[in-house]
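Report on the structure
Each chain, written out:
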Amino acid sequence: MRHIILTLAILVSALATAQNYKLNLNVTEKATHEPVVMGTVLLEPSGLTAVTDMKGQATLNNVPRGQYTLIVRYVGFEPYRLSINVSNRDLNLKVEMVE
């Protein structure tokens, strides 16, 4: 019985320290400030992806701590790249796409 309790305590402790974060993006066209609809968002090397909605917003959930490259693509625009460090909080990012 002690082994089961010890195992559960270790598991709960590991889950508590393995915290993940959220990236909230607001993607607009730089020239017009209009939202970018259906833009693709990629977080490398995690492989997490999202697509912007009608308001130009996208969210990447369950992002572990670490260094990443955020890449946003939209047809007719230059790809947007940003190195980010996810360390101890959720991030809110504003992205402006350039033609």
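Above this text is the structure in question.
Figured I'd write up the structure that's included with this text. Quick caveat, the model's predicted, so the values are computed rather than measured. (Residues numbered from 1 in each chain as written. Predicted model: local features only at pLDDT ≥ 70, side-chain atom pairs only at ≥ 80, totals over all residues. Heavy atoms only, no water.)

Some remarks on the sheet that holds strand β2 (residues 40–44)
Rules: A pair of strands counts as paired when DSSP detects no fewer than two bridges linking them. Counting from the N terminus, the helices are the DSSP runs of H or I reaching at least four residues and the strands are the DSSP runs of E reaching at least two. Here an angle of 0 to 180 degrees is reported between the N-to-C directions of two axes, which are lines fitted to C-alpha atoms, with helices fitted over the stretch in contact.
Read across the sheet, four strands follow the order β3-β2-β5-β6 without closing on themselves; strand pairing throughout is antiparallel. Of all the strands in the sheet, just β3 (48–51) and β6 (80–86) have a single pairing partner and so form its edges. Averaged over all adjacent pairs, the angle separating strand axes in this sheet is 20°, with direction ignored. Strand direction decides the pairing type here: β2 and β3, joined by four bridges, are antiparallel. Looking across to β3, one finds that T40 is bridged to V51.

Details of unusual backbone geometry
Outside of glycine, negative phi angles account for most residues, and trans bonds account for most peptide bonds. Just so we agree on the cut-off: For the exposure calls, accessible area comes from a 1.4 Å probe over protein chains only, and a residue counts as buried if that area is under 20% of its type's maximum, exposed if over 50%, partly exposed in between.
The step from E44 to P45 runs through a cis peptide bond, and the omega angle for that step is 5°. By the element assignment, P45 lies in the loop between β2 and β3. The phi angle at H33 is positive, at roughly 65°, despite the residue not being glycine. Tracing the chain through its elements places H33 in the loop between β1 (20–29) and β2. Phi at N62 is positive, roughly 60°, even though this residue is not glycine. Within the fold, N62 resides in strand β4 (residues 57–64). The exposed category is assigned to N62, whose relative accessible area is 56%.

Points about the side chain of T28
Under the convention used in this document: In this analysis, two residues are considered to be in contact whenever any of their non-hydrogen atoms come within 4.5 Å of each other.
Within the fold, T28 resides in strand β1. Those residues in contact with T28 that sit more than four places away from it in its chain are H33, E34, P35, V36, K94, V95, E96 and M97.

The values are spatial; any link to function lies outside them.
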